[in-house]
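Spelled out, the chains give:
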Amino acid sequence: ALRKAGTGRARFFSQDLQAHLAGYAEVRSALVGALEREEFFLVYQPQVCAVIGRVLGVEALLRWQSPALGQVPPDRFIPVAENVGLMPRLGDWVLASACRQAGQWRAEGKSLRVAVNISATQLEDSQFSDRVRAILAEQALPAEWLELEVTESMLVGDVAECQRALQAIRRAGVKLALDDFGTGYSNLAYLRHFTFDTLKIDRLFTNAMNNDSSGDALVRAIVATGSELGLDIVAEGVETAEQAEALRKLGCSRMQGYYFSRPVPAAEISVMPGIDAADEAPTLL
Ligand code: C2E
Ligand code: MG
Ligand code: MG
Ligand code: MG
């Protein structure tokens with residue numbers, strides 16, 4: 001009986017695994033040549049000043065419209081792209097495209113800092129900071145208009161090595177944000193090992209603020225400690241006016257979420273209200 005049950009489980013397991021592998025294989029094969037066929041594009045989500053409501057910047061978010069698979073969400077294809085070795089090239093494309101767009105907005109008199117997500121393979125590349133500098137130079141974009149977002153999960157392993165990589169980026173004058181804060185090690189003390197400019201509170205915490213006072217307490221603690229470390233605090237996933245108001249009171253400096261805007265094409269950002277024509281340097285805090 002045991003053996004039979006075991007076989008049964010094995011059969012179901014291998015079916016699940018097969019389905020999983022088929023999905024992976026489909027994504028993988030559809031990714032081949034996708035960059036050359038120009039199937040990728042960027043959308044931008046505004047980051048709004050918590051105090052005066054002005055749009056301070058945008059986060060660039062990668063989209064893939066595959067002729068074979070339709071629109072595949074980034075959480076689904078980026079890990080695959082990473083595995084098949086496409087990510088350094090695709091990441092480079094994202095960075096160059098976002099910086100070109102930021103340069104274009106500047107030319108239109110719109111001061112918007114652009115935030116770009118980077119992946120582990122980009123950060124691990126010893127040439128990465130040189131590449132960032134080269135792209136900024138190509139687009140004549142001052143470094144402080146670019147913010148790079150990394151996640152805690154990328155900072156595992158050799159702490160000294162990670163520190164070197166991050167410092168090389170900051171030495172270039174580029175801002176550095178820790179994305180999805182609270183979903184990884186959730187260790188504020190750990191942050192002291194690295195120099196960030198910005199802390200992005202994961203939307204899980206923003207969500208917890210809805211009807212839960214312990215959720216409020218958690219965010220309050222993150223904001224207080226983060227501010228003490230001199231970090232600019234961004235709340236992700238703000239979906240309601242109540243959340244926005246609570247986050248503002250707690251001292252978050254930037255907010256991002258569907259309440260303000262979904263990620264939209266660059267052209268929609270250009271006509272968004274609340275974007276100053278001023279050309280001053282962007283201010284943090
Ligand atoms: P992320 O960097 O944390 O980006 C925020 C995600 O939350 C985005 O999902 C955004 O559309 C979504 N979001 C924003 N506001 C709200 C809200 O109010 N409610 C809810 N429920 N969601 C909200 P998206 O665009 O699907 O991206 C998912 C993840 O994929 C990103 O998380 C990031 O980790 C990764 N990603 C996206 N673009 C890139 C890229 O160019 N390079 C790399 N390496 N990763 C990227
Ligand atoms: Mg991000
Ligand atoms: Mg995030
Ligand atoms: Mg995320």
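Residues numbered from 1 in each chain as written. Chains lettered and ligands numbered in written order. Predicted model: local features only at pLDDT ≥ 70, side-chain atom pairs only at ≥ 80, totals over all residues. Heavy atoms only, no water.

Enquirer: Looking at this structure, I do not really get the pairing of strand 4 (residues 113-117). What am I missing?
Expert: It is a general feature of regular strands that their side chains alternate between the two faces of the sheet. Here strand 4 lies mainly inside the structure; four of its five residues are buried. With four bridges joining them, strand 2 (residues 55-66) and strand 4 adopt parallel strand pairing. If you follow V58 over to strand 4, its bridge partner there is V114. The sheet contact formed by strand 4 and strand 5 (residues 146-151) spans four bridges and is parallel. Bridging from a neighbouring strand, V114 pairs with L146 of strand 5. (Buried < 20%, exposed > 50% of the residue type's maximum accessible area, 1.4 Å probe, protein only. Helix = DSSP H or I, 4+ residues; strand = E, 2+ residues; numbered from the N terminus. Pairing = 2+ DSSP bridges.)

Enquirer: Explanation requested: the packing of helix 3 (residues 87-107) against helix 5 (residues 128-138) in the structure shown.
Expert: For any two helices packed against each other, one specifies the crossing angle of their axes together with the interaxial distance. Axis separation between helix 3 and helix 5 bottoms out at 10 Å; the angle between their running directions is 30°. Taken together, the axes of helix 3 and helix 5 are roughly parallel relative to one another. Crossing of helix 3 against helix 5: the hand is right-handed. When helix 3 is examined against helix 5, the residues D92, L95, A96 and C99 are found in contact with a partner set consisting of F128, R131, V132, I135 and L136. Looking at the contact of helix 3 with helix 5 residue by residue, the class counts come to seven nonpolar, no polar and two charged. (Axes fitted to C-alpha atoms, helices over the stretch in contact; angles between N-to-C directions. Parallel < 35°, antiparallel > 145°, perpendicular 65-115°, else oblique. Left-handed = near helix turned anticlockwise from the far one by under 90°. Contact = heavy atoms within 4.5 Å. Nonpolar A, V, L, I, M, F, W, Y, C, P; charged D, E, K, R; others polar.)

Enquirer: Explain the nonpolar core here, please?
Expert: Generally speaking, nonpolar side chains in soluble globular proteins are found buried as a group. Counting residues in each nonpolar core, the largest one holds 81 residues, and the members touching the most others are Y44, L146, L148 and F196. With nine residues, helix 3 is the largest single contributor of residues to this core. When sequence neighbours within four positions are dropped, the list of residues in contact with L148 reads L95, V116, I118, F128, V132, I169, V174, K175, L176 and A177. (Core = buried A, V, L, I, M, F, W, Y, C linked by side-chain atoms within 4.5 Å.)

Enquirer: Is there a simple way to explain the site of ligand 1 in this structure?
Expert: The immediate surroundings of ligand 1 are formed by 24 residues, with R63, N117, D179, E239 and Y258 found nearest. Contacts to ligand 1 include E59, whose side-chain N or O atom sits 3.0 Å from an oxygen atom. Separating a nitrogen atom of ligand 1 from a side-chain N or O atom of E239 is a distance of 2.5 Å. When ligand 1 sits alone it has 800 Å² of accessible area, and the protein chains cover 85% of it. At the level of elements, strand 2, helix 2 (74-83), helix 3 and strand 6 (175-181) are the ones that each hand at least two residues to the shell around ligand 1. The element best represented in the shell around ligand 1 is strand 2, accounting for four residues. Class assignment for the residues of the shell around ligand 1 results in 10 nonpolar, five polar and nine charged. (Near = heavy atom within 4 Å. Polar contact = N/O pair within 3.5 Å; in protein donor to acceptor, adjacent residues only side chain to side chain. Areas by Shrake-Rupley, 256 points an atom, 1.4 Å probe, with all protein chains shown as cover.)

Enquirer: Any chance you could explain the confidence of the model for the chain here in plain terms?
Expert: Caution applies to low-pLDDT parts of the model: their predicted coordinates are not meant to be read in detail. Here the chain averages 87 in pLDDT, and 87% of its residues register 70 or above. Across the chain, strand 4 holds the top mean pLDDT of 98, while helix 1 (residues 2-31) sits lowest at 63. Within the model, the stretch residues 1-8 combines pLDDT values under 50 with zero contacts to residues more than four positions away or in other chains. Reported for the predicted complex are a pTM of 0.90 and an ipTM of 0.98. (pLDDT = per-residue confidence, 0-100.)

Enquirer: Would you mind showing me how to read the pairing of strand 8 (residues 232-235) here?
Expert: Of the two faces of strand 8, the one lined by D232 and V234 and the one lined by I233 and A235 are each fully buried. Where strand 7 (residues 198-201) and strand 8 come together, four bridges link them in parallel fashion. Among the inter-strand pairings, I201 is bridged to a residue of strand 8, identified as A235.

Enquirer: I'm lost on unusual backbone geometry in this one. Help?
Expert: Most peptide bonds take the trans form, and the phi angle of most residues other than glycine is negative. Located in the positive-phi region is E38, a residue other than glycine, with phi close to 60°. Summarising the element assignment, E38 is placed in the loop between helix 1 and strand 1 (40-49). One non-glycine residue with positive phi stands out, namely D180, at about 55°. Following the sequence through the fold, D180 ends up in strand 6. Judged by relative accessible area, D180 falls into the partly exposed class, the value being 25%.

Enquirer: Could you clarify how one ought to interpret the side chain of T198 in this entry?
Expert: The topology assignment puts T198 in strand 7. For T198, a relative accessible area of 0% gives the class buried. A polar atom in the side chain of T198 sits 2.7 Å from the side chain of E147. Of the polar contacts made by the side chain of T198, one reaches the side chain of R254; its length is 3.1 Å.

Enquirer: How do you make sense of the coordination of the magnesium ion (ligand 2) when you look at a structure like this?
Expert: Perfect tetrahedral coordination of a metal by four donors corresponds to 109.5 degrees between them, and perfect octahedral coordination by six donors corresponds to 90 or 180 degrees. In the first shell of the magnesium ion (ligand 2), the protein supplies E59 (OE), N117 (OD1), E149 (OE) and D179 (OD), at 2.0 to 2.2 Å from the metal. Read N to C, the donor residues that coordinate the magnesium ion (ligand 2) are spaced as E-x57-N-x31-E-x29-D. A separation of 4.0 Å is found between the magnesium ion (ligand 2) and the magnesium ion (ligand 3), both of which receive a donor from D179. Here E59 is found in strand 2, whereas its partner E149 is found in strand 5, with 90 residues between them in sequence. (Donors = N, O, S within 2.8 Å, 3.2 Å for Na, K, Ca; no water.)

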